[in-house]
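# Chain and residue survey
This is what each chain is made of:
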Amino acid sequence: MTVMDRLREMMKEEGTLHVALIDPDKQTPEEAADIARRMLDAGSNAVFIGGSTGVTNENLTSTTIAIKEATGLPVILFPGTPNALSKELDAVLFMSMMNSTDVNWIMGAQVYAAPILRQLGVETIPMGYVIVEPGMKVGEVGKADPIKRDDIKRAVAYAMACEMMGMSLVYFEAGSGAPTPVPPEMIRAIKSSISIPLIIGGGIRTPEAAAAAREAGADIVVTGTLLEQCHDDSKLKAVVAAARGVPQ
Ligand code: 1GP
C-alpha cells in the first residue's frame, strides 16, 4: 500500500489526522526520535520532515531512520529545497508553491528533483502548496504573493486549480510560527469547494486553534513550532486530540 493510500484510509476511518512536523536541522536524530515517540504517544498519525534551511542529505537520512525505528510512523518529506533527498523516506510531498512569483518554486525545483527521486524509488505525492498571509519565512523565501486573510474567493480558486491539476493534496500555509493560523472561514469555503484532502498548518499551537481548523474542515492539521517549544506532554496530547477530534 502506498503512503497516500494509507493516509486516505486513515482519514476515512479516523476523520481529521494530526501530522507532526520535525526539522532535522534543529536537533540530533536521537532527539528527533524522542520527539516523534512523544508525538506517537500523543496520537499523531504521521511525521512530516523538513525545514526552510539547514536540511542536508545526511541529517535528513539519519533523522528519517531514527524516527522510523522509534515510531513506525510514515515519514514524509516536506521539502524546502530539492538538494536534500533520501531513499529512506517513505514518501515525498512533490509540491508546487502555487502562489509563488518565482517559477523555480512553481516548477523548477521539481524538474531538478524528479530524476533523482525516480532513481531513489521514493513515492511522490503531488501537492499544491498555497501561502496565506502572513506567510512568514516560507512566504519570503518562496517569493509568495500571499492570499490575503479575507480573500476567500482567491483561496478557493487556488484550491480548485490544485484539484483540477490532479494534485492529491492541497496545503494552505500561514507560515511556521504565524501569529494567527489560516482563518476558519477560509478553511470552510475551501473544503466545500474541493474533494481532495485539505492540509492546514502554520501558527497552530493551542487545542482551540487545532479544533477550529478541524471543525472548519481540515483533513490534516500540521504543527511544528509547538513540538520544538513545548515540553509538557499533556499539552501536546491536548492539541493532537483537538486536531483529531478524539477524547484526550
Ligand atoms: C509550517 O505549517 C507548518 O510549514 C507548521 O507551522 O511551526 O507554526 O506549527 P508551525
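Residues numbered from 1 in each chain as written. Predicted model: local features only at pLDDT ≥ 70, side-chain atom pairs only at ≥ 80, totals over all residues. Heavy atoms only, no water.

## Considerations on the site of the ligand
Condition: Note on terminology: near, applied to a residue and a molecule or strand, indicates that one of the residue's heavy atoms is within 4 Å of it. Here a polar contact is recorded for every N or O atom pair within 3.5 Å, except that within protein the pair must consist of a potential hydrogen donor and a potential acceptor, and residues adjacent in sequence are included only if both atoms are side-chain atoms. Surface exposure here means Shrake-Rupley accessible area, sampled with a 1.4 Å probe, where a residue is shielded only by the protein chains that are shown. Each residue receives one of three labels: charged for Asp, Glu, Lys and Arg, nonpolar for Ala, Val, Leu, Ile, Met, Phe, Trp, Tyr, Cys and Pro, and polar for the others, Gly being one of them.
Close contacts around the ligand come from Leu21, Phe78, Tyr171, Glu173, Ser176, Gly177, Gly201, Gly202, Gly203, Thr223, Gly224 and Thr225, and that covers them all. In this structure, Tyr171 approaches the ligand through a side-chain N or O atom, which is 2.8 Å from an oxygen atom. Contacts to the ligand include Ser176, whose side-chain N or O atom sits 2.6 Å from an oxygen atom. Protein contact buries 97% of the 310 Å² of open area that the ligand shows by itself. For the shell around the ligand, a count of residues per class yields three nonpolar, eight polar and one charged.

## Observations regarding the nonpolar core
Stated precisely, the cut-off is as follows: Nonpolar cores are built from buried Ala, Val, Leu, Ile, Met, Phe, Trp, Tyr and Cys residues. Side-chain atoms within 4.5 Å join them into one set. Residue burial is assigned from relative accessible area. The probe radius is 1.4 Å, only protein chains are included, and a residue is buried under 20% of its type maximum, exposed over 50%, and partly exposed in between. Here, two residues are considered to be in contact whenever any of their heavy atoms come within 4.5 Å of each other.
Counting residues in hydrophobic clusters, the biggest one holds 61 residues, and the most contacted among them are Phe172, Ile190 and Ile200. Not counting chain neighbours up to four residues away, the residues in contact with Ile190 comprise Ala155, Val156, Ala159, Phe172 and Leu198. Counting 27 residues, the second largest nonpolar core, distinct from the first, contains Met11, Leu21, Phe48 and Tyr129.

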